[in-house]
Amino acid sequence: MPTAPRICPLCEATCGLTLTLDGTRVTGVRGDRDDVFSRGFICPKGASFGELDADPDRLRGPLVRGEDGTFREAAWEEAFDVIARRLPPLVERHGADAVGVVLGNPNVHTMAGALYPPLLLGALRTRNLFTASTLDQMPKHVSSGLLFGDAFAIPVPDLDRTAHLLVIGANPLDSNGSLCTAPDFPGRLKALRGRGGTLTVVDPRRTRTARLADRHVAIRPGTDALLLAALAHVLYEEGLTDLGTLAGHVQGVAEVEAAVRDFTPEAVAGACDVDAGTIRALARELAAAPAAAVYGRVGGSTVAYGTLTNWLVDVLNVLTGNLDRPGGAMFPLSATVPAPRPAGPGKGFALGRWASRVSGHPEAKGELPTAALAEEIETPGEGRIRALVSIAANPVLSAPDGDRLDRALGALDFMVSVDPYLNETSRHADVVLPPPPPAQTAHFDFAFNGFAVRNQVRHTPAPVPLEPGRMDECEIHARLILAVTGTRDADPSAVDDMAIARTLAKAVTEPHSPAYGQDPEEYAARLTGRTGAERRLDLMLRLGPYGLTLDRLREHPHGIDLGPLEPRLPQVLKTRSGRVELLPDPIAADLPRLRAALAAPEDALVLVGRRHLRSNNSWMHNVPTLNSGTNTCTLQVHPDDADRLGLTDGAPARVKADGGELTVPVEVTDTVRPGVVSIPHGWGHDRPGTRMAVAAGRPGVNVNQLLDGTRLDPLSGTAVLNGFPVHVSALH
Ligand SMILES: Nc1nc2c(c(=O)[nH]1)N[C@H]1C(S)=C(S)[C@@H](COP(=O)(O)OP(=O)(O)OC[C@H]3O[C@@H](n4cnc5c(=O)[nH]c(N)nc54)[C@H](O)[C@@H]3O)O[C@H]1N2
Ligand SMILES: Nc1nc2c(c(=O)[nH]1)N[C@H]1C(S)=C(S)[C@@H](COP(=O)(O)OP(=O)(O)OC[C@H]3O[C@@H](n4cnc5c(=O)[nH]c(N)nc54)[C@H](O)[C@@H]3O)O[C@H]1N2
Ligand code: SF4
Ligand SMILES: [Mo]
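Quantities reported herein were computed from a predicted structural model and do not represent experimental measurements.

Once that is clear, we can look at the overall build of the chain. Secondary structure summary: the chain contains 26 helices and 30 strands in total. In summary, the chain has a C-alpha radius of gyration of 25 Å against a globular reference of 27 Å for 732 residues, a match within 12%. Projected onto its principal axes, the C-alpha positions of the chain cover 70 × 70 × 60 Å. By the burial criterion, 61% of the 732 residues in the chain qualify as buried.

Here it is in structure tokens:
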């Protein structure tokens, strides 16, 4: 049987897979032992690549809504005609902001999602952009923007060389890692232990990652910023700060000392429910390790103090001299970012350059909070969103108050979804454009190589050809851009040619660019690749820091290793000062809010989420082998709370919060700490009009229905999805 390599797009670990093929069918999957980065690792999700690829519920061609409101299958030409006919007039009549754009998580897992949405947004010129980032990592972008002047300068723990890892609100044994691309994250953590290093996990649940740790701190949800501020306090108080070679590159060290003065271990202990002795021990261990990294993810991000928590993570990395040093928290250098400019002051990072129309939420990184999407559609007035382009997104399940968003989407004048499924969100579209399954798609990780624990580069061409009637997702995006800009009849490669011309026009004027001083047209003519997307990849590789080309990459089907992470300061900094700005003004202005949290917490039960190994947000419940067994939508409750509330394992409970209420089966387990309950997200597949038979057969409940969308981390606009109060009662 023939085989073909394919990088797995199902999570951020980006493992190399070897697909066994029978014609165009994937009949087997194994980890690619020759992959320069993943070395044969595979998880149960990757192993189900074939089933996911062949899911009979995947849409095979476009759907267009008819006059009677029902969908019919349509030819691609017709689908784009409908878009070209209906969307541009809405913009002409009501202005650019009348079109909202929603970008979901899988955009970072496809070539199309990396290459085209920026062009779509440039063409539409709308300020109404909503992405999964404000349900996820926006606090990290804001923190990095403020500290380093670049929202994408995100340090990752140097997993393979660190001696001490402090994990805040991440569970890589089930998620396989996030903003830290590391195939076989579990193996790398075990190797850390094996070489005598230590692992500390801060998580209100005793997760599989926590079970692997030397120390598990079962913190009260939402209070990590207090804990981390107290760690910083101890470092100052006990003279444990040591910036080492960083010292000359950092300003604001004394200001941070003053800012964390009130956050003594004793002062935060009550709110965090972590005793002061443990807090001091954590700080001393961090300072004593020869190299250490603090790493925070979803549990430190989608919380009320998300930006402060993410800022403090890197403050601790700086104060212990671990930022940018081997074994610490380092900046990867991906092969497709422009070759670095010389170090020096930059433009800095601006927040709140505009605000959302209805609630006045400040923009962050050009985005508005996804939690505010429904009100922007529903609230009358100038600038109301009347049309929506949704790409690889399912906000009806992933964002707060799905019922409201569901109604709002139903009231739009026009909606396009680029999505392989007819699901809770795409069922509202007037036109659904389905991308082909992943085996028919080439892959390159534009995003994740920038967060990888080792510099490396890999590209896998489409393992099997497109089935008749399919359209590559890159072409779908390019044609969508043509349709919304009234240039419907142009060749889709015109979109790529324009992008290439723009990039080169700038590059040839930049002395640090490999294209400096060259003729842009001649340069463009040299690019290889069969498609516009491939030529753009070739261009980015050529303009990148390693001087690679697409042809070179093709000679290495299992990737090219570019070596361990290397120190990059001060070159990565783009702050106005050209230094790490340790106490940026917006952070200082948010600290009084954190200080207020020192007061004893209310005694409410709070809810956190969880991820199951065989899941991925809302969209993998349609594969029978993934939607089964322990991958269940239950309310986890500690035995003490179950006793107190009269809850029994397996029996239904009612959960109420700001946004609504749910009925969900109880799972009594001491893996959640007392005072905390947990429901996973991405469930609630019981709405009519979807075509996901397996998911609908075991629907679960939508935890985000408990939220009304008003709880946000103010600096980043990120929804508070973890650590909010709930009321739980038995349902008899
Ligand atoms: N309560 C709670 N809510 C959460 C979270 C949580 O921890 N707790 N996590 C949040 C996080 S971290 C995230 S990232 C968001 C995710 O939020 P979303 O991005 O809205 O949700 P996904 O379930 O990832 O949905 C992605 C959509 O992409 C489609 N899709 C899959 N593959 C492709 C493809 O190749 N091309 C295209 N065009 N579409 C594709 C799927 O069918 C699905 O409709 O959810 C957030 N919501
Ligand atoms: N199997 C699987 N893998 C996935 C996904 C998936 O849905 N399933 N989704 C992918 C996506 S989009 C992302 S962003 C990543 C996320 O990757 P991770 O961040 O590693 O994943 P989570 O499981 O959300 O881990 C968050 C942890 O934070 C804990 N937590 C909740 N509240 C708090 C708090 O206030 N403080 C602390 N300290 N901890 C808290 C939770 O108990 C949970 O264990 O995973 C990716 N990989
Ligand atoms: S860990 Fe992630 S990338 Fe690797 S096989 Fe599993 S789902 Fe795919
Ligand atoms: Mo995410």
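So, about the site of ligand 1. Close to ligand 1 lie 28 residues; Asn105, Asp419, Asn423, Ser618 and Asn704 are nearest. Contacts to ligand 1 include Asn105, whose backbone N or O atom sits 2.6 Å from an oxygen atom. In the model, a nitrogen atom of ligand 1 is placed 2.8 Å from a nitrogen or oxygen of the Glu473 side chain. Against a free-state accessible area of 910 Å², the protein chains account for coverage of 95% of ligand 1.

Okay, the sheet that holds strand S7 (residues 129–131) next. Across the sheet, which stays open at both edges, the seven strands sit in the order S5-S4-S17-S16-S15-S6-S7 with mixed pairing between neighbours. Two strands bound the open sheet, and with one partner strand each, they are strand S5 (71–73) and S7. If you compare each strand with its neighbour and ignore which way they point, the axes differ by 15 degrees on average. Pairing between strand S15 (residues 387–391) and strand S16 (residues 414–418): five bridges, direction parallel. The residue of S16 that forms the bridge with Ser390 is Ser417. The strands touched by helix H3 (residues 76–94) are strand S4 (63–65), S5, strand S6 (99–103), S15, S16 and strand S17 (431–433); relative to S17, the strand with the most contacts, the crossing angle is about 125 degrees.

Take helix H8 (residues 185–194) next. When H8 is considered as a whole, its buried residues turn out to be Phe185, Pro186, Arg188, Leu189 and Leu192. All buried residues of H8 project into a common sector of 165 degrees when viewed along the axis, lining one side. Looking at the buried positions of H8, the neighbouring elements they touch are strand S9 (164–168), helix H7 (172–175), strand S10 (198–202), helix H9 (208–212) and strand S13 (292–296). Note on H8: the residue one or two positions beyond its end, Gly196, has a positive phi of about 90 degrees.

Another point: the UniProt feature "domain: 4Fe-4S Mo/W bis-MGD-type" (unreviewed entry) in the chain. The UniProt feature table records "domain: 4Fe-4S Mo/W bis-MGD-type" (unreviewed entry) at residues 1–57. Helix makes up 16% of residues 1–57 and strand 33%. Its end C-alpha atoms lie 27 Å apart.

The subject of this paragraph is the sheet that holds S13. The parallel open sheet is built from four strands, whose spatial order is S11-S10-S9-S13. Strand pairing shows two members of the sheet lacking a second neighbour, strand S11 (215–217) and S13, which therefore form its edges. Taken over all neighbouring pairs, the strand axes of this sheet differ in orientation by 15 degrees on average, direction set aside. Relative to S10, S9 is paired through five bridges, and the arrangement is parallel. Residue pairing for S10: Leu166 is matched across the bridge by Thr200.

Attention shifts here to the nonpolar core. Ranked by internal contacts, the top residues of the largest apolar core, which has 64 residues, are Leu226, Trp311 and Leu582. When near neighbours in sequence (up to four residues on either side) are disregarded, Trp311 contacts Ser143, Leu147, Val256, Leu582, Leu583, Pro584, Ile587 and Leu591. Residues Phe80, Tyr116, Ile476 and Leu553 belong to the second largest nonpolar core, which totals 54 residues.

For the structure shown, the criterion picks out four aromatic pairs. Ring geometry for Trp76 versus Phe80: centroids 6.2 Å apart, planes at 25 degrees, classification stacked. Linking Trp76 with Phe80, this pair stays in helix H3, spanning four residues, or about one helical turn. When its relative accessible area of 11% is taken as the criterion, Trp76 is described as buried. Residue class for Phe80 comes out buried when judged on its relative accessible area of 1%. Between Phe444 and Phe446 the ring centres are 4.7 Å apart and the planes differ by 55 degrees, which places this aromatic pair in the tilted class. For Phe444, a relative accessible area of 1% puts it in the buried group. On the basis of relative accessible area, Phe446 is assigned to the buried category, the value being 13%. Arg65 extends its terminal NZ or CZ atom over the ring of Phe71, reaching a point 4.4 Å from the ring centre.

This part is about the environment of Ala452. Position of Ala452 relative to the elements: it lies in the loop between strand S18 (443–444) and strand S19 (454–457). Judged by relative accessible area, Ala452 falls into the buried class, the value being 0%. Expressed as a C-alpha distance, the spacing of Ala452 and Thr181, which sit 271 residues apart in the sequence, is 4.3 Å. With residues up to four places along the chain from it excluded, the contact list for Ala452 reads Phe37, Val156, Thr181, Pro332 and Leu565.

Before going further, it helps to spend a moment on the environment of Thr307. Position of Thr307 among the secondary structure elements: in helix H15 (residues 306–319). Sequence-wise, Thr307 and Gly145 are 162 residues apart; in three dimensions their C-alpha atoms are separated by 11 Å. Not counting the four nearest positions on each side in its chain, Thr307 is found in contact with Pro139, Val142, Ser143, Ile587, Asp713, Leu715 and Ser716. Reaching out from Thr307, the side chain makes a polar contact with the side chain of Asp713 at a distance of 2.5 Å.

With that settled, consider the packing of H15 against helix H24 (residues 585–596). Geometry of a packed helix pair, given as the angle between the helix axes and the separation of the axes. H24 packs onto H15 with a crossing angle of 115 degrees between their chain directions and a minimal axis gap of 10 Å. Accordingly, the angle class assigned to the pair H15 and H24 is roughly perpendicular. Where H15 crosses over H24, the two elements pack in a sense that is left-handed. When H15 is examined against H24, the residues Thr307, Leu308 and Trp311 are found in contact with a partner set consisting of Ile587, Asp590, Leu591 and Leu594. Considered class by class, the residues forming the contact of H15 with H24 number five nonpolar, one polar and one charged.

Here is what the cut-offs are and how they apply
Residues numbered from 1 in each chain as written. Chains lettered and ligands numbered in written order. Predicted model: local features only at pLDDT ≥ 70, side-chain atom pairs only at ≥ 80, totals over all residues. Heavy atoms only, no water. Helix = DSSP H or I, 4+ residues; strand = E, 2+ residues; numbered from the N terminus. Rg over C-alpha atoms; globule rule 2.2 N^0.38 Å. Buried < 20%, exposed > 50% of the residue type's maximum accessible area, 1.4 Å probe, protein only. Near = heavy atom within 4 Å. Polar contact = N/O pair within 3.5 Å; in protein donor to acceptor, adjacent residues only side chain to side chain. Areas by Shrake-Rupley, 256 points an atom, 1.4 Å probe, with all protein chains shown as cover. Pairing = 2+ DSSP bridges. Axes fitted to C-alpha atoms, helices over the stretch in contact; angles between N-to-C directions. Contact = heavy atoms within 4.5 Å. Arc of directions from axis to C-beta. UniProt positions renumbered as here; feature names shortened; annotations may be inferred. Core = buried A, V, L, I, M, F, W, Y, C linked by side-chain atoms within 4.5 Å. Phe/Tyr/Trp six-rings, centres within 6.5 Å; stacked < 30°, edge-to-face > 60°. Lys NZ or Arg CZ within 6 Å of the ring centre and 35° of its normal. Parallel < 35°, antiparallel > 145°, perpendicular 65-115°, else oblique. Left-handed = near helix turned anticlockwise from the far one by under 90°. Nonpolar A, V, L, I, M, F, W, Y, C, P; charged D, E, K, R; others polar.

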